[in-house]
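# Architecture and fold: a report
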Amino acid sequence: SCITNTFTIGGTVSGHNGTGLTLRVNGTTNLAIAANGPFAFGPIADGLGYSVVVFVQPIGQSCTVANGSGTLAGAHVTNVAVICGNTYTLGGSVSGLTGTGLVLRNNGGDSLAISANGAFTFSTVIADGGAYSVTVFTQPNLQSCAVGNGSGNVAGANVTNVSVTCVLAPPAAPTLS
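The model shown is predicted, which means the values in this text are computed figures rather than measured ones.

### So, the overall build of the chain
The helix and strand tally for the chain stands at zero helices and 17 strands. By principal-axis analysis of the C-alpha atoms, the chain measures approximately 90 × 40 × 20 Å. Scored against the burial criterion, the 177 residues of the chain give a buried share of 33%. Long-range pairs, those at least 24 residues apart, make up 60% of the contacts in the chain with a sequence separation of at least 6.

### Structural notes on the sheet that holds strand S7 (residues 69–71)
Strands sit in the order S3-S2-S5-S7 across an open sheet of four strands; the sheet is antiparallel. Edge strands, defined here as strands with exactly one partner in the open sheet, are strand S3 (29–33) and S7. Sheet twist, expressed as the average angle between the axes of neighbouring strands with direction ignored, equals 25°. Relative to S7, strand S5 (residues 49–56) runs antiparallel, the two sharing three bridges. Bridging from a neighbouring strand, Ser51 pairs with Ser69 of S7.

### A few points about the environment of Pro174
Structurally, Pro174 can be placed in the segment after strand S17 (159–168). Residues Pro174 and Thr71, spaced 103 residues apart in sequence, show a C-alpha to C-alpha distance of 67 Å.

### Topic: the sheet that holds strand S9 (residues 90–95)
Read from one edge of the open sheet, four strands run S12-S9-S17-S15, paired in mixed fashion. Only two strands of the sheet have a single neighbouring strand rather than two, namely strand S12 (118–121) and strand S15 (143–148). Here the strands of the sheet are splayed against their neighbours by 25° on average, with no regard to which way each runs. Note that S9 and S17 share five bridges and pair parallel. Directly across from Leu90, in S17, lies its bridge partner Val159.

### With respect to the pairing of S3
Sheet topology places strand S2 (residues 21–25) next to S3; five bridges connect them, and they run antiparallel. Directly across from Leu23, in S3, lies its bridge partner Leu31. Here S2 folds back onto S3 in antiparallel fashion, the turn holding three residues, of which Asn26 has a positive phi close to 55°.

### Quick notes on unusual backbone geometry
Here the residue pair Gly42 and Pro43 is connected by a cis peptide bond, since its omega of -5° sits within 30 degrees of zero. Position of Pro43 relative to the elements: it lies in strand S4 (residues 37–45). Despite not being glycine, Leu142 has its phi angle at roughly 60°, a positive value. Here Leu142 lies in the loop between strand S14 (131–138) and S15. We classify Leu142 as exposed; its relative accessible area is 71%. Phi is positive for Asn149, close to 55°, though the residue is something other than glycine. Structurally, Asn149 can be placed in the loop between S15 and strand S16 (151–153). Classification of Asn149 by relative accessible area gives partly exposed; the value is 49%.

The rules behind the values
- Residues numbered from 1 in each chain as written.
- Predicted model: local features only at pLDDT ≥ 70, side-chain atom pairs only at ≥ 80, totals over all residues.
- Heavy atoms only, no water.
- Helix = DSSP H or I, 4+ residues; strand = E, 2+ residues; numbered from the N terminus.
- Buried < 20%, exposed > 50% of the residue type's maximum accessible area, 1.4 Å probe, protein only.
- Contact = heavy atoms within 4.5 Å.
- Pairing = 2+ DSSP bridges.
- Axes fitted to C-alpha atoms, helices over the stretch in contact; angles between N-to-C directions.

Don't take any of this as a statement about function, it's just geometry.
What follows is the structure in structure tokens.
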């Protein structure tokens, strides 16, 4: 008869607020996490690869995994670290917008189309202490917009003071032939 040794994949969760964290190993097995402390998946056959990821982020937080992948080698894995921290929204207000086509971008990748004056909020949250840099990616038709308070680091609260002010664009200079 053939005996396959099995082991667990585990570690510790820290910084978790207790709401909605789910980990996944090898793309198939989920584990709901309700509190900080130890966790373990298993049993998993010796010699197999493993990959632990955050499958569902907790509400208001972002969690990362360290030491989350490798190959089982005759022993339990106990050094997977899941570290969670609070996240916050980034937003502000737009004024003077009369044209269409305004697109803002945060950190060079999170785009937000704006069609009217008023409040806006980017959909991607930012970890506490994380940097943000809001720029105008696309100017609206016949207008020029500038960003105020558009960069900094999140400091334990939602950022709500980014201002975008739009004015009529000056006409293009005539070309001489």
